[in-house]
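# What the coordinates show
Here is what each chain is made of, one letter per residue.
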Amino acid sequence: MTQDNGELDSLVRKRIRALRVAQGWSLEELATRANVSQSTLSRIENGQRRLALDQLVVLARALDTTLDQLVETAADDVVTSPVIDGAHGLMRWAVKGNPGMSVVRQRMTAPPPDSPAKMRAHPGREWLVVLSGTATLVLGHRRYRVETNQAAEFPTMLPHAIGAEGGPCEILGIFDRDARRGHQRDGGGTGAGGGTPDDSSG
């Protein structure tokens, strides 16, 4: 790699240092693992030495990553903006690392439905985090109280529904590919558990 692309060059150097620090390794420890001198590694991290491809391969292996991940462009690290669904009060993100997954932010005001007939079941798995307020998650005959900053994970083959408890709540739901498809077939919103702000069903 040459110095022509200054931004990428700087990004790679920062990644090497960040990965080393995350492992709790000193310059000496990583240098030993990568079989390079400590002074060479220091100059690589500080931008005082040209980034050579053979050294990057060795460093990537020592840092338990791949060369591709080490030299990803800055644009690859950016999370895209959400799509806003004003009709259902939702914000939706695609998960870059796994296009089959999606993230939805939703505000709920109604409690979950009392009738089992209004609960949904479909293949997949869902995760939810309560950002504010308190939510009630209904799984089959069980009810779970999920408070602010608490999370829940569940298989969506269980009949499920989610709603607010004691006032409005805001949730962040994460759906795998199958769960997302299940909600798309059902129609309506795709908040955690699949409910819309109107029916709050899962």
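Whatever comes next refers back to the structure up there.
Residues numbered from 1 in each chain as written. Predicted model: local features only at pLDDT ≥ 70, side-chain atom pairs only at ≥ 80, totals over all residues. Heavy atoms only, no water.

This paragraph deals with helix H2 (residues 27-34). Of the residues making up H2, those classed as buried are Leu30, Ala31 and Ala34. Down the axis of H2, the sector holding all buried residues measures 100°, keeping them to one side. Exposed and oriented more than 90 degrees from the buried face of H2 are Glu28, Thr32 and Arg33. In this structure, the buried side of H2 is in contact with helix H1 (6-22), helix H3 (38-45) and helix H4 (53-62). Following H2 by one or two positions, Asn35 has its phi on the positive side, about 60°. (Buried < 20%, exposed > 50% of the residue type's maximum accessible area, 1.4 Å probe, protein only. Helix = DSSP H or I, 4+ residues; strand = E, 2+ residues; numbered from the N terminus. Arc of directions from axis to C-beta. Contact = heavy atoms within 4.5 Å.)

Another aspect to go through is the sheet that holds strand S6 (residues 142-147). Taking strand neighbours across the sheet as the criterion, the 3 strands line up as S6-S5-S8 in an open arrangement whose pairing is antiparallel. The open sheet is flanked by S6 and strand S8 (160-164), the only strands paired with a single partner. Across the sheet, the mean angle separating the axes of adjacent strands is 20° when strand polarity is ignored. Sheet topology places strand S5 (residues 134-139) next to S6; 6 bridges connect them, and they run antiparallel. The residue bridging Val138 from the neighbouring strand is Arg143, located in S6. (Pairing = 2+ DSSP bridges. Axes fitted to C-alpha atoms, helices over the stretch in contact; angles between N-to-C directions.)

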